[in-house]
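Each chain is listed here by its residues.
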Amino acid sequence: VSAPAVSPPTARTESPKPAGRFTELNELARTTPGVLTILAVGLVLVSVLVGVFTAIGVQTRSTALDDLATSSGPLSVAAQDIYRSLSDADATATGAFLAGGEESADQRARYLNDIAQAQASLAVAVAAREPADVTAPDSPLATLSGKLSSYTGLVETARANNRQNLAVGAAYQREASNLMRTELLPAAQKLYATETGQVAGDQVDAGGFPWFEVLVGLIGLAVLVGAQVYLRRNTNRVFNVGLLVATGAAVVSLLWVVIATLGVSTNVDQSRELGSADVEALAQARIAALTARSDETLTLVARGSGAAFEKHYVAVADRLGGQDGDGGLLRAAHDSVDSDDVRGKVEDAQRAWTQWRDVHGDIREHDDGGDYKAAVDLTIHGGETGAAARFDEVDSALQDALASTQQSFNDEVTQASHAITGTVLGVIVLAVLMAAGSVVGIWQRLKEYR
Amino acid sequence: MNRRNVLAAVLGTVLLLVTGCGTDEAVAPAPAKAQVPLPAGAKVLTEAPEAPPAQSCANPTYSLRPGPLPAPTALPAGSTMAKIRAKGHLVVGVDQNTNLFGFRNATNGEIEGFDIDMAKQVATAIFGSPKLQLRILTSQQRIPALKSGEVDIVIRTMTINCERLEDVDFSSVYYLAHQKVLVKTSSEVDGIGQLDGKRICATAGSTSLANIPKRAPKAVPVQVADWTDCLVMLQQNQVDAVSTDDTILAGLQAQDPSTEVVGDSLEDEPYGMAIAKEHTDFVRFVNAVIEQMRTDGAWADAYKTWLAPRLGKATQPKVEYKD
């Protein structure tokens, strides 16, 4: 084994003045062993960097997936729950108020359950946020947690006065409804929009093509190949086992990341198409149904001066079912959902909506014709064909459809999580292998100089 | 720095980057302040509401002389009453929140009160039985509802004045009320003069609201949609007093024993039933119904049912006619 000729190490004696590390390195760089050492250090550094950056890239994706599964996904459900519970609570409380002293135990229980549900979901939403998000004066969570107790206080005051036959009860009920419609529900809607925005953002973070990881991996590969070309030219060896192993590790790492990520992308796309897009369509329809129910009840509470509520009802009804009853948000949800099971549920909701709309027509006819009692009866009692029962049918059909769509979303996200499981660890191990291979490979050459 | 330390630092940094954890800043709870909700439409007026114009007409309370009162089956063809009869019911603009005058009985859900009894008398004169459709109106909605024909008649604690006479016609005075002040018993206020700088509540568009700056120029008027909203605001400590007709105040006081009606009469408030312009036949017809109540005791019965327990004895006000 003959070492190539190198310039003799005479520099030290020639220029003693700028003694220091830089000079030493400079001298070292002029010797082949020196170059090899630097190359080894460089390759280790590159391996570590490739490992770290790839791991960070994959971890970001994995965190986004975790968020979808445990944070933004469930939180968007919680936000929707808050809206639904509050809206239903207000419609129930005003309905019970319409019933006068005969407020039924069922209605009371339903109102209390709605409030309990809203508070439970609100606690989940609050716990998931930083304290600063909650305390910011205009944040929806500050509004919701601060004013929900005011609302329930007003409803109880209204109820106590109503029980004593005092007209001021109606004023408290109106104040409560006004608080709900002007502050609480808009805050709940804002919260829902924020959370669904978060879901969409996490889906982008989790599902995009891994440009960054591929770029880093290719750079690592290029450096390794470059090192081998250099060694081949300067040491007359064709193969270096250590560096080959390192190159192999880099290739495996790159392929692993690409394949795992493409799997994740597919699942995330599915979670969007089969899950969140349908959830959004169904949730919009449900919110419209709830609003229509509130409008229907408040029109009667206003007794004669409820034209604004009825006008709002008509607008919401058109949005929910379209002008002909076979369009609008329900039709959109019907066309959007993918499983036959869910589509069946939406069809149930459409059918119940058509019937509810007919009942509403009867209610308006009674009320406009002066038969207020019959209108109230049809609105809050009316048995299985009354507005209350029809509304419940629409709401529970949409509720079922939402639950099963939410399940599809969760399944896809779980699958995506599985696809990426272990990738971070694998990438780190492969990076260590890359570094070790590089060091061993260069050490082989370096040994030849001793 | 030895190698081990470097390694530890690098690993630490990597771990931080990978897990995304940082140190959380400690957050002290922000000072929170309760915001008591306001009734829908409540507004503190920074500028005084328009002062009631000086009575620009002579004797606004003088209505048209009563016409004949035919049997329901013999109403003159083509008359306003005949048209209402053909429609099937009398549409009356009323209040649902003024205790004793027009309010919802929470037990049976019906609207009751002195004004409703008056409406029943008018409807009975047209149909032979009280065929009513009640339309709830806020103070401000009264005149527009008449102008648009949405209601046939408004019987809703409505004070007769010249300004309103430009838009609608009034029946003769069916009730004479006096504007006073309602305060909490604990307040030690015994008249509107002691309310400088305090908030006084009245409904938007009412004469009571317009009278506040006249009697208490330094008080702050607060307007709401309904009289019960004033009681809500008084109970929530958002206003210091409510000022309006003693009849309405008595209805509010009946709902809260910790309040009292105080002071001398600030204004006379003659109530009339409002009817759209150009239905003089209907005005005369209604005035005849009011006259009939004086003789058949219907007014006294309604007064005894609703008002006598709180306002003491009274008789139906004397009325005068312009022609």
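Residues numbered from 1 in each chain as written. Chains lettered and ligands numbered in written order. Predicted model: local features only at pLDDT ≥ 70, side-chain atom pairs only at ≥ 80, totals over all residues. Heavy atoms only, no water.

Caption draft 1: Summary view of the overall build of chain B. When you go through chain B residue by residue, the secondary structure sums to 11 helices and 15 strands. Within chain B, buried positions represent 51% of all 323 residues. Long-range contacts, defined as pairs at least 24 residues apart, comprise 73% of the intrachain contacts of chain B with a sequence gap of at least 6. With the model as given, the accessible surface of chain B reaches about 15,100 Å², and the carbon-plus-sulfur share is 52%. (Helix = DSSP H or I, 4+ residues; strand = E, 2+ residues; numbered from the N terminus. Buried < 20%, exposed > 50% of the residue type's maximum accessible area, 1.4 Å probe, protein only. Contact = heavy atoms within 4.5 Å. Areas by Shrake-Rupley, 256 points an atom, 1.4 Å probe, with all protein chains shown as cover.)

Caption draft 2: Spotlight on the pairing of strand β9 (residues 175-184) of chain B. Residues and elements named next belong to chain B. In the sheet, β9 pairs with strand β14 (residues 268-271) via 4 bridges, with the strands oriented antiparallel. Bridge pairing in β14 links Tyr175 to Tyr271. Of the pairings in the sheet, the one linking β9 to strand β12 (residues 241-245) comprises 4 bridges and is antiparallel in character. Note on β12: the bridge partner recorded for Val181 is Ser243. Pairing of β9 with strand β13 (residues 259-262) involves 4 bridges; the strand directions are antiparallel. Paired with Val181 across the two strands is Val262, which belongs to β13. (Pairing = 2+ DSSP bridges.)

Caption draft 3: Focus on unusual backbone geometry. All names here are of chain B. A positive phi angle, near 35°, is found at Thr157, a position not held by glycine. Locating Thr157 in the fold gives a position in the loop between β7 (153-154) and α5 (162-165). Of note, Glu188 is a non-glycine position whose phi angle comes to about 65°, a positive value. If you trace the backbone, Glu188 turns up in the loop between β9 and β10 (199-203). A relative accessible area of 69% means that Glu188 is categorised as exposed.

Caption draft 4: The arrangement of the pattern of salt bridges in detail. Residues and elements named next belong to chain A. A complete count under the given rule lists 32 salt bridges over all chains for this structure. Between Asp392 and Arg110 there is a salt bridge whose closest N-O contact spans 3.0 Å. Within this pair, whereas Asp392 is found in helix α14 (residues 387-420), its partner Arg110 is found in helix α4 (residues 105-127), the two being separated by 282 residues in sequence. A salt bridge links Arg343 to Asp340, with the shortest nitrogen-to-oxygen separation between them at 3.0 Å. Here Arg343 pairs with Asp340, and both are found in helix α12 (residues 340-368), just 3 residues apart, close to one helical turn. (Salt bridge = Lys/Arg side-chain N within 4 Å of Asp/Glu carboxyl O.)

Caption draft 5: Local environment of the state of the cysteines. All names here are of chain B. Under the criterion given, the structure shown has 2 disulfides over all chains. One disulfide bridge connects Cys201 with Cys230, the sulfur atoms lying 2.0 Å from each other. One quick way to see it: the torsion about the S-S bond of Cys201 and Cys230 is about -85°, and its sign makes the bridge left-handed. With a gap of 29 residues between them, Cys201 in strand β10 and Cys230 in helix α7 (residues 227-235) connect regions that are remote in the sequence. For Cys201, a relative accessible area of 0% translates into the label buried. The class of Cys230 is buried, set by a relative accessible area of 0%. The disulfide pattern of chain B is 1-2, 3-4 when the bonded cysteines are numbered in sequence order. (Disulfide = S-S within 2.5 Å.)

Caption draft 6: Expanded view of the packing of aromatic side chains. The tally for this structure, following the rule as stated, stands at 17 aromatic pairs over all chains. Judged by centre distance (6.1 Å) and plane angle (85°), the rings of Phe53 of chain A and Phe212 of chain A are edge-to-face. Note that Phe53 of chain A is positioned in helix α3 (residues 32-98) and Phe212 of chain A in helix α8 (residues 211-235), a separation of 159 residues in sequence. For Phe212 of chain A, a relative accessible area of 42% corresponds to the partly exposed category. Through a chain of ring-to-ring contacts, the aromatic side chains of Phe101, Phe114, Tyr174, Tyr175, Tyr271, Trp299 and Tyr303 of chain B assemble into a single cluster. (Phe/Tyr/Trp six-rings, centres within 6.5 Å; stacked < 30°, edge-to-face > 60°.)

Caption draft 7: Region of interest: a nonpolar patch on the surface. Residues and elements named next belong to chain A. Residues Leu45, Leu49, Phe53 and Phe212 make up a contiguous nonpolar surface patch of roughly 380 Å² in combined accessible area. Per-element accounting of the nonpolar patch gives the leading share, 3 residues, to α3. Relative to the assigned elements, Leu49 resides in helix α3. (Patch = residues over 30% accessible without salt bridge, like charges linked within 9 Å, V, L, I, M, F, W, Y side chains within 5 Å.)

Caption draft 8: The confidence of the model for chain A, seen in detail. Counting all residues, the mean pLDDT for chain A is 84, and 92% of those residues have values of 70 or more. Scored below 50 in pLDDT, residues 1-16 of chain A shows 8 contacts in the model against residues more than four places distant or in partner chains. (pLDDT = per-residue confidence, 0-100.)

Caption draft 9: Region of interest: α4 of chain A. All names here are of chain A. An ideal rise of 1.5 Å per residue puts 33 Å on 23 residues; α4 measures up with 33 Å between its terminal C-alpha atoms. Residues of α4 that are buried include every one of Gln107, Arg108, Tyr111, Asp114, Ile115, Ala118, Ser121, Leu122 and Ala125, and no others. Among the structural elements, α3, α6 (140-163), α7 (168-207) and α13 (372-380) are those in contact with the buried residues of α4. (Expected span 1.5 Å × (residues − 1).)

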